[in-house]
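# Chains, contacts and geometry: an overview
Each chain is listed here by its residues.
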Amino acid sequence: MKKLLGLLAIVIAGAAGFLALTPSPIDPLAWQAPPAPLLTGVLEPNDTLMKAELLGQGQIHGPEDSAVDAQGNVYAGLHDGRIVRIGVDGKIDTLAATGGRPLGMDFDAQGNLIVADAYKGLLRINPQGQIEVLATEADGVPFAFTDDVDIASDGRIYFSDASSKFNQPDYLLDLLEGRPYGRLLRYDPATGKTETLLKDLYFANGVALSQHEDFVLVNETYRYRITRYWLKGDKAGSHDIFIDNLPGMPDNIQGDRAGTFWVALPTPRKADADFLQNQPWLKAQMAKLPRSMWPKPKDYGFAIALNEQGQIVQSLHDASGTHLRMVTSAKPVGDFLYFGSLDNDRIGKLKIR
């Protein structure tokens, strides 16, 4: 027993020395998270996501977002940089390989796939798979984490740069640091110009236009909220909070252009994560540790629907996390919702009408 205690003391002393002498990769701020909303009422857990059809199961890795063409083929960007097409017959082939990490995507009116690639910037991919880089910086600041897109009826592209400091593999360092490095941007294909609409966002993630395109929403993942930027009317050019204190971290958001927004929540709120946000010293020490030692998110499938007044009107769950987990996108197309995941091996397809 004495030998065991002695060995334990040596290990603890070594770990303490390592933490004391190793500089932290982050400079964290404290933030007091509000009490998480209870999962009751409209947020009551259910098994709806368990009913989703699974596309590409076991054949794809990390389909973070998806897009559906006029023929019903489903497209998704994977961890290895490929954008694959899942045919209506289930066959999978590769449209293009970006050499980066394709995230948010949507088709434009000409049938091109517009892609936010975390490393390569804002891309346009034609039906033959040819890649064109549209933008890699705005106002002299390069994109470090191009994240999500939505396309207006006039062809202008609204998109996010989640962080100007941390790249995609280090998104959790952005969470721990707790500083606003994100931006909401707009690209005009007619001029080739990119402008910054909002900056100083806390991990600018999903982007979605409203039904009448009078405002655009951007998720601030690490503040559990969604910010609204007004495009038309007396408030044009101003911004406000659309909804705050969400029951999970909002990832992608997609509007159906009929008054409903679907928000993907990769994990429900966790009390220990909320507590950690207000402990800068602990966050600095955690950032030094191997990722295998960090707390793990709960395996859970979760998405919510919002109306244009910022009210939660529906929630979809897989509380077991066995069918769909870590849902990072919920894309409405026709009568269906398509669910992507940053690290799962499938896309969910759920009939909602």
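The name recorded for the chain in an unreviewed UniProt entry is SMP-30/gluconolactonase/LRE family protein, from Aquipseudomonas ullengensis. In the Sequence similarities (unreviewed entry) part of its UniProt record, the chain is described as follows: "Belongs to the strictosidine synthase family."

Annotation from UniProt places "domain: Strictosidine synthase conserved region" (unreviewed entry) at residues 147-233. With 8% helix and 51% strand, residues 147-233 has end C-alpha atoms that lie 28 Å from one another.

Another point: the sheet that holds strand β22 (residues 301-307). Taken together, four strands build an open sheet; the order of strands is β20-β21-β22-β23 and the sheet is antiparallel. Two strands close off the open sheet at either side, each with one partner strand: β20 (253-255) and β23 (312-318). Strand-to-strand twist across the sheet, computed as the mean angle between neighbouring axes with direction ignored, equals 20°. Across five bridges, the pairing between strand β21 (residues 260-264) and β22 is antiparallel. Of the residues in β22, the one forming a bridge with Ala264 is Ala303.

All right, on to the packing of aromatic side chains then. Counted by the stated rule, this structure contains 11 aromatic pairs. Here the aromatic rings of Tyr75 and Phe107 are separated by 5.2 Å at their centres, their planes lie at 80°, and the arrangement is edge-to-face. Of this pair, Tyr75 sits in strand β3 (residues 74-77) while Phe107 sits in strand β6 (residues 102-107), placing them 32 residues apart in sequence. In this structure Tyr75 comes out as buried when scored by relative accessible area, which is 6%. For the ring pair Tyr300 and Phe302, a centre distance of 5.7 Å and an interplane angle of 65° mean the geometry is edge-to-face. One aromatic cluster is present, formed by Phe215, Trp230, Phe242 and Phe261 through successive ring pairs. The ring of Phe215 has Arg228 sitting right over it, with the charged end atom 5.4 Å from the ring centre. Across the ring face of Phe336, the terminal group of Lys349 is positioned such that the distance to the ring centre comes to 4.5 Å.

Reading guide: rules and limits
Residues numbered from 1 in each chain as written. Predicted model: local features only at pLDDT ≥ 70, side-chain atom pairs only at ≥ 80, totals over all residues. Heavy atoms only, no water. UniProt positions renumbered as here; feature names shortened; annotations may be inferred. Helix = DSSP H or I, 4+ residues; strand = E, 2+ residues; numbered from the N terminus. Pairing = 2+ DSSP bridges. Axes fitted to C-alpha atoms, helices over the stretch in contact; angles between N-to-C directions. Phe/Tyr/Trp six-rings, centres within 6.5 Å; stacked < 30°, edge-to-face > 60°. Buried < 20%, exposed > 50% of the residue type's maximum accessible area, 1.4 Å probe, protein only. Lys NZ or Arg CZ within 6 Å of the ring centre and 35° of its normal.

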